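Okay, here's what each chain looks like letter by letter:
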Amino acid sequence: MAELWDEPPARVLAVYAHPDDPDISCGGTLAKWARAGSEVHVVICAAGDKGSSDPAANREMVIERRADEARQAGATLELAGLHLLGRSDGEFDNDVPLRSELVGLMRTHRPDVVVCPDPTAVFFGAHHYNHRDHRIVGWAALDSAAPASGSSLYFPESGPAHQIPVALLSGSLEANVWVDIETTIDQKLRAVARHESQLADANDWFASALRDGAQHAGRQAGVSYAEAFRRVLLI
Ligand SMILES: [Zn+2]
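Thresholds, definitions, all that
Residues numbered from 1 in each chain as written. Predicted model: local features only at pLDDT ≥ 70, side-chain atom pairs only at ≥ 80, totals over all residues. Heavy atoms only, no water. Helix = DSSP H or I, 4+ residues; strand = E, 2+ residues; numbered from the N terminus. Rg over C-alpha atoms; globule rule 2.2 N^0.38 Å. Buried < 20%, exposed > 50% of the residue type's maximum accessible area, 1.4 Å probe, protein only. Contact = heavy atoms within 4.5 Å. Areas by Shrake-Rupley, 256 points an atom, 1.4 Å probe, with all protein chains shown as cover. Phe/Tyr/Trp six-rings, centres within 6.5 Å; stacked < 30°, edge-to-face > 60°. 1 Å grid on protein atoms, 1.4 Å probe; cavity = no way out; pocket = protein on both sides within 12 Å on 5 of 7 lines; lining within 4 Å. Points joined across faces, edges and corners; volume = space filled by probe spheres on them. Nonpolar A, V, L, I, M, F, W, Y, C, P; charged D, E, K, R; others polar. Core = buried A, V, L, I, M, F, W, Y, C linked by side-chain atoms within 4.5 Å. Donors = N, O, S within 2.8 Å, 3.2 Å for Na, K, Ca; no water. Tetrahedral: all angles 85-135°; square planar, octahedral: opposite > 155°, others 65-115°. Axes fitted to C-alpha atoms, helices over the stretch in contact; angles between N-to-C directions. Left-handed = near helix turned anticlockwise from the far one by under 90°. Expected span 1.5 Å × (residues − 1). Polar contact = N/O pair within 3.5 Å; in protein donor to acceptor, adjacent residues only side chain to side chain.

*Asks:* Can you help me understand the overall build of the chain in this one?
*Replies:* Helix and strand counts for the chain come out as seven helices and nine strands. Against the globule reference of 18 Å for 235 residues, the chain gives a C-alpha radius of gyration of 17 Å, in line with a compact fold. Dimensions of the chain, computed from the C-alpha atoms along their principal axes, are close to 50 × 50 × 35 Å. Looking at the chain as a whole, 50% of its 235 residues qualify as buried. Partitioning the contacts of the chain with sequence separation of at least 6, the portion at a separation of at least 24 is 80%. Entry remark: accessible area of the chain is about 10,800 Å², with carbon and sulfur atoms responsible for 52%.

*Asks:* Honestly, the packing of aromatic side chains in this entry has me stumped. Any pointers?
*Replies:* For any pair of aromatic rings, the description rests on two quantities: the centre-to-centre distance and the angle between the ring planes. Under the counting rule described, the total for this entry stands at three aromatic pairs. Relative to phenylalanine 206, the ring of tryptophan 205 lies with its centre 6.2 Å away and its plane at 20°, an arrangement referred to as stacked.

*Asks:* How do you make sense of empty space enclosed by the protein when you look at a structure like this?
*Replies:* To locate leftover empty space, one rolls a probe as large as a water molecule over the atoms. Within the structure shown, the criterion is met by one cavity of 30 Å³ or more. Considered as a void within the structure, the largest cavity measures approximately 40 Å³ in volume. Listing elements by their share of the lining of the largest cavity, those giving two or more residues are α1 (21-35), β2 (39-46) and α2 (59-77). Looking at which element gives the most residues to the lining of the largest cavity, the answer is α2, with four residues. Of the residues assigned to the lining of the largest cavity, the class counts are nine nonpolar, one polar and one charged.

*Asks:* Explanation requested: the side chain of aspartate 89 in the structure shown.
*Replies:* Summarising the element assignment, aspartate 89 is placed in the loop between β3 (81-87) and α3 (96-109). Beyond its immediate stretch of four places on either side in the chain, aspartate 89 contacts His18, Ala46, Ala47, Gly48, Asp49, Lys50, Gly51 and Asp133.

*Asks:* Looking at this model, I keep getting lost on the nonpolar core. Mind explaining?
*Replies:* By size, the foremost hydrophobic cluster in this structure holds 30 residues, and its most contacted members are Trp5, Leu30, Trp33, Val40, Val115, Leu168 and Phe229. Per-element accounting of this core gives the leading share, five residues, to α1. Sequence-distant contacts of leucine 168, defined by excluding residues within four places in its chain, comprise Trp5, Trp33, Val113, Val114, Val115, Cys116, Val177, Phe229, Arg230 and Arg231.

*Asks:* What is the right way to read the coordination of the zinc ion from this model?
*Replies:* The textbook angles at a metal center are 109.5 degrees for a tetrahedron of four donors and 90 or 180 degrees for an octahedron of six. Binding of the zinc ion to the protein goes through His18 (ND1), Asp21 (OD), Asp21 (OD) and His134 (NE2), at separations of 2.0 to 2.6 Å. Between the four donor atoms coordinating the zinc ion, the angles at the centre fall across 54 to 122°, so the site counts as irregular.

*Asks:* How do you make sense of the layout of surface pockets when you look at a structure like this?
*Replies:* For the largest pocket, the calculated volume is near 1,300 Å³. Around the largest pocket, the lining comprises 43 residues; the ones closest to its centre are Ile24, Ser25, Phe124, Gly171 and Leu210. Looking at the lining of the largest pocket, the elements that each hand over two or more residues are α1, β6 (128-129), α5 (185-193), α6 (196-199), α7 (203-221) and β9 (226-233). The dominant element in the lining of the largest pocket, judged by the number of residues it contributes, is α7, at nine residues. Split by residue class, the lining of the largest pocket holds 20 nonpolar, 15 polar and eight charged.

*Asks:* In this structure, what is going on with the packing of α5 against α7? I would like to understand it.
*Replies:* Describing two packed helices takes the angle between their axes plus the distance from one axis to the other. At a closest axis distance of 10 Å, the pairing of α5 and α7 adopts a crossing angle of 145°. Where α5 crosses over α7, the handedness of that crossing is right-handed. When α5 is examined against α7, the residues Ile185, Asp186, Leu189, Val192 and Ala193 are found in contact with a partner set consisting of Asn203, Phe206, Ala207, Leu210, Arg211 and Ala214. When the residues that make up the contact of α5 with α7 are grouped by side-chain class, the tally is eight nonpolar, one polar and two charged.

*Asks:* Just to check I follow, could you spell out α3 for this structure?
*Replies:* Each α-helix turn comprises 3.6 residues. Residues three or four places apart therefore point the same way. Across its 14 residues, α3 extends 20 Å between first and last C-alpha, which sits within 8% of the 20 Å expected from 1.5 Å per residue. Of all the positions in α3, only Leu98, Ser100, Leu102, Val103, Gly104, Leu105, Met106, Arg107 and His109 are classed as buried. Residues of α3 that are buried make contact with β1 (11-16), β2, β3, β4 (113-117) and α4 (132-149). Measuring from the backbone nitrogen of leucine 98 back to the side-chain oxygen at the start of α3 gives 3.0 Å, which picks out aspartate 95 as the cap. Remark: arginine 110 follows α3 within two positions and exhibits a positive phi of approximately 50°.

In structure tokens, the structure reads:
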């Protein structure tokens, strides 16, 4: 039987690429844990500046609009903090400056769980493959979580070392733990709906696709709605 994760961690840091990624990938889980008293911080590495199909769109306006949408979504999920790193979509790498920044956030917020994309999930069926920014952020988060955050020899300028016990990877093809999100599926969909610039007229379609996905994960775990993760124990 699929394992359900019941106990909310005390502190959580979720690291994602684009402003709407955490809400889509794990918004039900983050909202559930925040409501249960977890201190939940979200890091968005990219500005979402390529996320517009309007040829007349001004880059600065896209960035500001997406940041505003992320703040509204963060308030909907009742996050303790939202950290926008502002890198340009498609133009950043898993490099030392990014890992230094992520390690600094990990050592400041001292999470029990880091949530991030599964960077090994590349091809989803015959129709699409995972965005490079998701893969890069997944690896950057994992590389920052271990060994870097837990070893004071890495990035000594980024604060005292903090060992992170667990990484929880969303969008995985190898899920091994599920979180019941029956009480927060609607909150998740409200957070996703805050990203109006990405939805155009597709909100109803997208909301029902996300609901179907949560029902599918729920069936695997024997609950109504769930989010599925690959859990990796780091210590
Ligand atoms: Zn994305």
